[in-house]
Amino acid sequence: MEIKLQLFDMVITPEGRLGSRCLLLSFLLLAVWKVGSGQVHYSVSEEAKHGTFVGRIAQDLGLELAELVPRLFRVASKGSGDLLEVNLQNGILFVNSRIDREELCGRSLECSIHLEVIVDRPLQVFHVEVEVKDINDNPPVFRLKEQRMLIYESRLPDSLFPLEGASDADVGSNSILTYKLTSSEYFALNVKTNSDDNTQIGLVLRKSLDREEAPEHSLLLTATDEGKPELTGTVQLLVTVLDVNDNAPSFEQSEYEVRIFENSDNGTIVIRLNASDRDEGANAEISYSFNSLVPPIVSDQFIIDSNTGEIVIQGNLDFEKVNLYKIHIDATDKGHPPMAGHCTVLVKVLDINDNVPQIALTSLSLPVREDAKFGTVIALISVSDFDAGANGQVTCFLTPHIPFKLVSTFKNYYSLVLDSALDRESVANYEVVVTARDGGSPSLSATASVSVEVADVNDNAPAFAQPEYTVFVKENNPPGCHIFTVSARDADAQENARVSYSLVERRVGERALSSYVSVHAESGKVYALQPLDHEELELLQFQVSARDAGVPPLGSNVTLQVFVLDENDNAPALLPPGAGGGGGAVSELVARSVGAGHMVAKVRAVDADSGYNAWLSYELLPAAGGGRSPFRVGLYTGEISTTRALDEADLPRQRLLVLVKDHGEPALTATATVLLSLVESGQTPKASSRTLEGAAGPRVSLMDVNVYLIVAICAVSSLLVLTLLLYTALRCSAPLEGACGPGKPTLVCSSAVESWSYSQQRRQKVCSGEGPPKTDLMAFSPSLPPCPVATDVVEHQDLNDDHYAKNQRQERCPLQSVLVSTATAGPLNMDQATPNNLVPNLKSRPKFPFSSAAKERLLSPASERLDSLPCAPGILS
């Protein structure tokens, strides 16, 4: 237990008795408490007079007055000399000599004198602490009695000019200073207290100066402390007003704070100041220097570069000696007169933080599957730092933008866990950098890297570049021909990315798909296993499946549309004799009285190919005798007609050879023989007369099944080709080209796209629409050529006859004639365009004994046809 005793102004008389005043105070004194350690505390004010009572030390230490001398009672004080003594007669501790707290303890807030009391017999040592209380015995002191200031008259109001404050050797409230400036219309005092209770004072210009009116100003600055009684100090301020150079250098801020470690090397740059001057030339050239008020302790430790403004260490900084330096800096320009800007640099010396954190990685679980769940632990991390306090407090963090995070499990222990979804296809490996940073200032940090590999999971199916492909293959290809290669890409890795290909099996008619094509499992090459026949199969559509080797496997399909292109592999086939002519000789009776242009017979043929390959033309071979025949054959109709009136000079039996030729490359032909017997009019059979009368009647009554089939075929072909052209234009954005002859009132033009053609990708332009607008019919065909110009016109007296001209147009442009007739008769339903419903007198026509395959192709409904049938008159005549 401890008791504190404080005495003021107590005087001991030479006789060892207390004065009356001391006696009065003695009743107010507290008893002195002893402690188990033997330590006693007293207090006394500094500057106390000699003999001032401090305490009854003998009584408080439990010693008898009679024992003091025999036991050699004595007091020792380290470094305090004989400031305090003990009266051995009464055991009172009193002030022996002047006590100056400022001399004894400086500016320390706590100041005490330590006494060791020693007695012998037996030997005992007692410790006594006497606290020295501060009194206001030191007035504020300015370092200089007179401060001179140079201020240019151009300085603006509110400009601040720093002043050196006063210092007070006392502590506590006795050292708190207030400042007062004599009244002035030009200047005011600015007092500012910083965060560290450091007071800065300066002159503030209240009104613009005029050197011509008042070249000098004398001010008195008074500093007053808060002691009892108050003490003051003054300094004379002499302000000289200078002329010219009206812009002073200025700093970005009035005060800079710099923190630097105590172990910084000499030559270390503390700060690089940068002042600016709005003037130009020499008035803007700035020179940096310490202010004249800077104390020697600052100039001993630091130097400043006058050109760059760098403050550099030139001495050893010791945190234990001085931890704060206040440096006043002047930035002076080179004007006439020069102007100066001012700032203050506070240099705080910091204790060092010289231990770097350490990181330990354990229990790595690598690689990590890309489908790992959130929170999966990947590694355990521990950190340590040998420093103490804030310097030893370590925090850990990761590099940003990674799918991982650190979870604190215990002090300085962390778990590296998965924080978001992984995708190996996006990022296959992460370099995770763990950074440990302590709480020092400045902090030290250490890093450790963890390479996290992401293991693949089969989460991506093979993907084709497009959902379907269109392939064109010529018929009669060799078996095993490579027609296409499919390729799918799998974003996974290793086995999960190994793709194999297979056919999606289905039935093609009566046969399995695998009997037509096959696909290589590894390369994706598609092969045709057998020759393809356009007449049998025009479109083969199937799917190829791509599957990876993952578990479970993933797959996708692609559609292949294989169009079989026609080749000219079928020669024209003549219809049997029962149909009006054929493979053998066809006999017909012709009256000698018939006129020019009379049809006497007709050759009928069909070609199983398509397009140009099925477009037939007819020509009359020269007679064996070399004579000129009175007959001709229609180029596209196969109709044999007279070129002039028959006379007696003509042979009674005429043998005509008609060459039927398609337009393929190379062209295939067939030859028909027609035997004509010239008889008198009375010998002609009735059936023949009816036939001749029917031929002379209206043209519509002569329409046979071939004409209507041509109409149906052309219409279906036009619709399909139009669809393909639109489809290709949308897919390829290829513009359609067209060409039409001039002077046609109604014209529809089309151009076959290069990727779709039944005649080896030839571009053909189709123009139709001759005649008045009522009879126009728009038709599109990829293989219909323009009508040829007649070159075999025979001079005849009836050539200007309308009937003959009509026959000529029908022979050279049968399709246009049919289209005009059909349009005139009304709309035609192409889905019902069959030989049984197109022509009213179809039943009276002979049967067509051609192959069932050709008949199926020609007579099938339009909705079942997959390509445009040839728009040519030679398919069925």
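Residues numbered from 1 in each chain as written. Predicted model: local features only at pLDDT ≥ 70, side-chain atom pairs only at ≥ 80, totals over all residues. Heavy atoms only, no water.

S.K.: Even after reading the chapter, I still don't get the overall build of the chain, so can you show me in this structure?
M.R.: Within the chain, the regular secondary structure consists of 10 helices and 52 strands. Counting across all 877 residues of the chain, residues that qualify as buried make up 45%. (Helix = DSSP H or I, 4+ residues; strand = E, 2+ residues; numbered from the N terminus. Buried < 20%, exposed > 50% of the residue type's maximum accessible area, 1.4 Å probe, protein only.)

S.K.: Could you clarify how one ought to interpret the environment of L104 in this entry?
M.R.: Among the secondary structure elements, L104 is positioned in helix α3 (residues 101-105). Judged by relative accessible area, which is 29%, L104 ranks as partly exposed. Each C-alpha atom, one on L104 and one on E46, is 9.9 Å from the other, the two residues being 58 residues apart in sequence. Once you skip the residues sitting within four places of it in the chain, L104 turns out to touch S80, C111, I113 and V132. (Contact = heavy atoms within 4.5 Å.)

S.K.: Honestly, the environment of K228 in this entry has me stumped. Any pointers?
M.R.: Looking at the element boundaries, K228 is found in the loop between β14 (216-225) and β15 (232-242). Taking the C-alpha atoms as reference, K228 lies 9.4 Å from S173; in sequence the two are 55 residues apart. Those residues in contact with K228, other than ones at most four positions away along the chain, are N136 and N174.

S.K.: Please explain the side chain of E475 as it appears in this structure.
M.R.: Within the element layout of this structure, E475 appears in the loop between β32 (468-474) and β33 (481-485). Given the relative accessible area of 3%, E475 is considered buried. Polar side-chain contacts of E475 include one of 2.8 Å to the backbone nitrogen of H534. Side-chain polar atoms of E475 contact the backbone nitrogen of E567, separated by 2.6 Å. In contact with E475, other than residues within four places in its own chain, are L532, D533, H534, E535, V564, L565, D566, E567, D569 and D609. (Polar contact = N/O pair within 3.5 Å; in protein donor to acceptor, adjacent residues only side chain to side chain.)

S.K.: Please clarify how the pairing of strand β5 (residues 84-87) should be interpreted in this entry.
M.R.: Sheet analysis places β5 next to strand β6 (residues 92-95), joined by 4 bridges and oriented antiparallel. Residue N87 lies in a different strand from β6, and its bridge partner there is I92. The turn linking β5 back onto β6 is made up of 4 residues, and G91 within it adopts a positive phi angle of 70 degrees. (Pairing = 2+ DSSP bridges.)

S.K.: Looking at this structure, how should I read the confidence of the model for the chain?
M.R.: Low pLDDT marks regions whose predicted coordinates should not be analysed in detail. Looking at the chain as a whole, its pLDDT mean stands at 75, while 74% of the residues score no less than 70. For residues 1-38, every residue scores under 50 in pLDDT, and the model assigns this stretch 70 contacts once sequence neighbours within four places are set aside. Here residues 733-877 is modelled with pLDDT under 50, and outside its nearest four sequence neighbours on either side it reaches 282 contacts, counting other chains as well. (pLDDT = per-residue confidence, 0-100.)

S.K.: What should I look at first to understand the pattern of salt bridges in this one?
M.R.: As enumerated under the stated definition, the model contains 21 salt bridges in all. The salt bridge involving E285 is made with K334; its shortest N-O contact spans 3.7 Å. Here the residue E285 occupies a position in the loop between β17 (269-272) and β18 (286-290), and K334 occupies one in the loop between β21 (324-333) and β22 (340-350), the gap between them amounting to 49 residues. Judged by relative accessible area, which is 41%, E285 ranks as partly exposed. With a relative accessible area of 41%, K334 lands in the partly exposed category. Two residues, E495 and R498, come together in a salt bridge whose shortest N-O distance is 2.8 Å. E495 sits in the partly exposed class, given a relative accessible area of 44%. (Salt bridge = Lys/Arg side-chain N within 4 Å of Asp/Glu carboxyl O.)

S.K.: Hey, could you run me through the nonpolar core in this one?
M.R.: Membership of the largest hydrophobic core comes to 27 residues, with the highest contact counts inside it found for Y501, V517, L540, F542 and V544. For this core, the secondary-structure elements that each account for two or more residues are β32, β35 (499-503), β38 (517-519), β39 (525-528), β40 (539-548) and β41 (555-565). Excluding its chain neighbours within four sequence positions, the residues that come into contact with L540 are R506, V508, L513, Y516, V517, L560, Q561 and V562. (Core = buried A, V, L, I, M, F, W, Y, C linked by side-chain atoms within 4.5 Å.)

S.K.: Help me understand the sheet that holds strand β3 (residues 53-56) in this model?
M.R.: Picture the strands of a sheet paired through backbone hydrogen bonds; they go either parallel or antiparallel. Reading across from one edge, β3-β6-β5 is the order of the 3 strands in this open sheet, with antiparallel pairing throughout. Unpaired on one side and paired on the other, β3 and β5 mark the two borders of the sheet. Neighbouring strand axes in the sheet, compared pairwise and without regard to direction, differ in orientation by 25 degrees on average. Alignment of β3 against β6, held across 3 bridges, turns out to be antiparallel. Residue pairing in the sheet places F53 in a bridge with F94 of β6. (Axes fitted to C-alpha atoms, helices over the stretch in contact; angles between N-to-C directions.)

S.K.: Help me understand the side chain of D662, please; the structure alone is not making it clear to me.
M.R.: Take D662: it is sitting in strand β49 (residues 653-662). Notably, D662 is buried but unbridged: the nearest opposite-charge side chain belongs to K661, and the N-O separation is 8.1 Å. Side-chain polar atoms of D662 contact the backbone nitrogen of G664, separated by 3.3 Å. Among the polar contacts listed, one links the side chain of D662 to the backbone nitrogen of L668, at a separation of 2.8 Å. Every residue in contact with D662, bar those within four places of it in the chain, is listed here: N568, N570, P572, D607, N613, W615, L616, A667 and L668. (Lys, Arg positive; Asp, Glu negative; His and termini not counted.)

S.K.: Where do I start with the pairing of β41 in this structure?
M.R.: Put simply, side chains in a regular strand alternate between the two faces of the sheet. With respect to burial, β41 is a largely interior element, 8 of its 11 residues being buried. The pairing of β32 with β41 spans 7 bridges and is parallel. Pairing of V471 across the sheet is with V562, part of β41. Examined bridge by bridge, β40 and β41 share 9 bridges and lie antiparallel to one another. Residue pairing across strands places S545 opposite N557, the latter belonging to β41. Counting the residues between successive antiparallel strands, the hairpin from β40 to β41 contains 6 residues.

S.K.: Got a minute to help me understand the state of the cysteines in this structure?
M.R.: As used in these notes, a disulfide is a covalent bond between sulfur atoms, one from each of two cysteines. Scanning the model with the defined rule gives 1 disulfide in all. Residue pairing for C105: its cysteine sulfur links by disulfide to C111, the two sulfurs lying 1.9 Å apart. Sign of the S-S torsion, about 70 degrees for the bond between C105 and C111, identifies this disulfide as right-handed. Take C105: its relative accessible area is 23%, and that puts it in the partly exposed class. A relative accessible area of 4% places C111 in the buried class. (Disulfide = S-S within 2.5 Å.)

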